[in-house]
Amino acid sequence: MTTPARPRSSASSFSSSSFPRTSRIRKRADFVRIQNGGHRVSTRHLLILVAAPAAALHRGGVARRGDASAALAPPRAPRLGLVASRKVGGAVERNRAKRLLREAFRRFPELFPERVDVVVILRTGAGSLGLEDVLAELRSVVPVLRRRARDALAVARAPAEDPAATRNAEEPPAR
């Protein structure tokens, strides 16, 4: 006689180590924005792209005057997006590598800078890495990641150039 199968996970045991939607980069537009304008950090098996979140780009990256809720809000946690092509390996290897990176993101948040979006592109050979190998690669680039995150946030905070202000003073205004 066989025993009934237990569920793989229950909501109570999984909730503390879950990967919530707020921590994920899910939209293609966000992936494209980060891949086109992100600051790059490279390791042997990972290409890490760091960019300011889209909300910071739209409002200039600074809180509005008198906005007390923005001043009291804690630093926003980073968001993670993963990209693994077939060069990494078959579906099993790709999914395993992505699962290891999500685990590193969950268990070791100090490896990722705050207030930024991070996209990790897995390279050939990443499917054969273990958790310790992934952590070693991430730890080796932490100072560079933090520097790139500061650069990305500084670019987002820079005020957008006003086209009217750059117009030549002798030109008559357009009607």
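So, a few notes on the structure that sits alongside this text. Worth saying up front: this structure is predicted, and the values here are computed from it rather than measured.

**What to know about the overall build of the protein**
Logical step 1: For the protein, the helix and strand inventory stands at eight helices and four strands.
Logical step 2: If you list the helices and strands of the protein from N to C, you get α-α-β-β-α-α-β-α-β-α-α-α.
Logical step 3: Pairs at least 24 residues apart make up 82% of the contacts formed inside the protein by residues separated by at least 6 positions.
Logical step 4: Carbon and sulfur atoms make up 53% of the accessible area of the protein, which amounts to about 11,900 Å² in all.

**Side note on helix H6 (residues 131–140)**
Logical step 1: Listing the buried residues of H6 in full gives Val 134, Leu 135, Glu 137 and Leu 138. Each buried residue of H6 sits inside an arc of 160° when the element is viewed along its axis, so together they form one side. Seen from the buried face of H6, the exposed residues on the opposite side, beyond 90 degrees, are Glu 132 and Ser 140.
Logical step 2: Those residues of H6 that are buried are in contact with strand E2 (46–51), helix H5 (91–107) and helix H7 (142–157).

**Describing the packing of aromatic side chains**
Logical step 1: The final tally for this structure, using the stated rule, is two aromatic pairs.
Logical step 2: Residues Phe 105 and Phe 112 carry aromatic rings whose centres are separated by 5.0 Å and whose planes lie at 70° to one another, so their mutual orientation is edge-to-face.
Logical step 3: Within the aromatic cluster, the residues linked to one another by ring pairs are Phe 19, Phe 105 and Phe 112.
Logical step 4: Stacked on the ring of Phe 108, the Lys or Arg Arg 139 has its end atom at 5.4 Å from the ring centre.

**Regarding the pattern of salt bridges**
Logical step 1: Within this structure, the stated rule accounts for six salt bridges.
Logical step 2: One salt bridge in this structure joins Asp 117 and Arg 33, with 2.9 Å as the shortest N-O distance. Of this pair, Asp 117 sits in strand E4 (residues 117–122) while Arg 33 sits in helix H2 (residues 28–37), placing them 84 residues apart in sequence.
Logical step 3: Here Glu 103 ties to Arg 107 by a salt bridge, and the two come within 3.3 Å at their closest N and O atoms. Linking Glu 103 with Arg 107, this pair stays in helix H5, spanning four residues, or about one helical turn.
Logical step 4: Given a relative accessible area of 23%, Glu 103 falls into the partly exposed group.

**So, the nonpolar core**
Logical step 1: Within the largest apolar cluster, 32 residues are counted, with the highest numbers of intra-cluster contacts made by Ile 48, Leu 101, Val 120 and Leu 138.
Logical step 2: Of all the secondary-structure elements, those providing two or more residues to this core are E2, strand E3 (79–84), H5, E4, H6 and H7.
Logical step 3: Not counting residues within four places of it along the chain, the set of residues in contact with Leu 101 comprises Leu 46, Leu 80, Leu 82, Val 120, Leu 122, Val 134 and Leu 138.
Logical step 4: Grouped together as the second largest cluster of nonpolar side chains are seven residues, Ile 25, Ile 34, Leu 49 and Val 119 included.

Rules behind the numbers
- Every residue gets a number counted from 1 within its own chain, in the order that chain's sequence is written.
- At least 70 in pLDDT is required for a residue's local features to be given in this predicted model, at least 80 for side-chain atom pairs to be given and counted, and no such filter applies to totals for whole chains, interfaces and linings, which use all residues.
- Side-chain calculation: all heavy atoms of the structure are included, whereas hydrogens and water are not.
- Helix and strand definitions here come from DSSP, where helices need a minimum of 4 consecutive H or I residues and strands a minimum of 2 consecutive E residues; each element is numbered from the N-terminal end.
- Whether two residues touch is decided by their heavy atoms; if any such pair falls within 4.5 Å, the residues are in contact.
- Note on areas: Shrake-Rupley, 1.4 Å probe, and residue coverage restricted to the protein chains presented here.
- Each residue's exposure class comes from its accessible area (1.4 Å probe, protein chains only) as a fraction of the maximum for that residue type: buried when under 20%, exposed when over 50%, partly exposed otherwise.
- By definition, the arc is the one covered by directions from the helix axis to the C-beta atoms.
- Under the pairing criterion, centres of Phe, Tyr and Trp rings, with the six-membered ring standing for Trp, must be within 6.5 Å; the plane angle then separates stacked pairs below 30 degrees from edge-to-face pairs above 60, leaving the rest tilted.
- In this scheme, the term charge over a ring applies when either NZ of a lysine or CZ of an arginine sits within 6 Å of the ring centre and within 35 degrees of the ring normal.
- Should a side-chain nitrogen of Lys or Arg be within 4 Å of a carboxyl oxygen of Asp or Glu, the pair is scored as a salt bridge.
- Buried residues of nine kinds, namely Ala, Val, Leu, Ile, Met, Phe, Trp, Tyr and Cys, make up a nonpolar core once their side-chain atoms join them within 4.5 Å.

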